[in-house]
Structure formats: structure tokens, C-alpha cells
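Structural description and commentary
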Amino acid sequence: MSPSREQILAASAGWVAAVLNVVPGLGAGYLYQRRWKAYWITSALATSWFVAGAVLAQNADARAEGQNQLVGLIGLLVLAAVTATEAGLAVKRVRQSS
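Residues numbered from 1 in each chain as written. Predicted model: local features only at pLDDT ≥ 70, side-chain atom pairs only at ≥ 80, totals over all residues. Heavy atoms only, no water.

This part covers the confidence of the model for the protein chain. Looking at the protein chain as a whole, the pLDDT averages 89, with 100% of positions reaching at least 70. Model confidence for the protein chain, summarised as mean pLDDT per element, is weakest for helix α1 (residues 5-11) at 86 and strongest for helix α4 (residues 36-56) at 93. (pLDDT = per-residue confidence, 0-100. Helix = DSSP H or I, 4+ residues; strand = E, 2+ residues; numbered from the N terminus.)

Tallying each qualifying case throughout the model produces 4 salt bridges. Between R93 and E86 there is a salt bridge, and its shortest N-O distance comes to 3.9 Å. With a relative accessible area of 26%, E86 lands in the partly exposed category. Among the charged side chains, a network of salt bridges with common partners joins R35, E86 and R93. (Salt bridge = Lys/Arg side-chain N within 4 Å of Asp/Glu carboxyl O. Buried < 20%, exposed > 50% of the residue type's maximum accessible area, 1.4 Å probe, protein only.)

The next point concerns a nonpolar patch on the surface. Together, L70, L73, I74, L77, V78 and V82 line one region of the surface with nonpolar side chains, adding up to about 560 Å² of accessible area. Looking at the secondary structure, you find V82 in helix α5 (residues 65-97). (Patch = residues over 30% accessible without salt bridge, like charges linked within 9 Å, V, L, I, M, F, W, Y side chains within 5 Å. Areas by Shrake-Rupley, 256 points an atom, 1.4 Å probe, with all protein chains shown as cover.)

In C-alpha cells form, the structure reads like this:
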């Protein structure tokens, strides 16, 4: 008998999932937790952010390139912070309900 989704999540270390979502970024902590839906949502959001930045930067002034890169980086850092927090809270939530 294989472990349930909740058992796998409860056995994972919340801090490891949080760090993996920040350091390599883009939902690597969700892979550690085996949370595929959350991983694909994060991947879709990051891809959308990259595409939106590329589309909006096509006709941008060369002087604004630095600011555009900063906005792109801040957006990815916000995504990493949100997913790291959510991954840690998911472990806490499952452990409290068990």
C-alpha cells in the first residue's frame, strides 16, 4: 500500500520545501512535496510573467530596459516568496489536521 498524499506532505520538511521554492525557484519545493498541481500552476505563472515581459519590452525605450528587468526580477521574487510561504503552511496545515 502506497502512502497517501497527506502522508507524503506531512513527512516532508516544510523548511526544505520553502527553501527549494526560493533558491532554485519556480516551484522546486513542490516537486519535493510531490504536489504536481501546485508545481504546474507556479510554472504557468512564471512562464506567463516571462512572456508578458518579453511582449511589453518589444517596443520599449532602451533607457527603460534596466527598469523593466528590475520589475521582472521583483515579480519572480514575489512569486518565490508566495510559493515558499504556501509550501511551508501546507505542511503545517496537514500536520495539525492529523
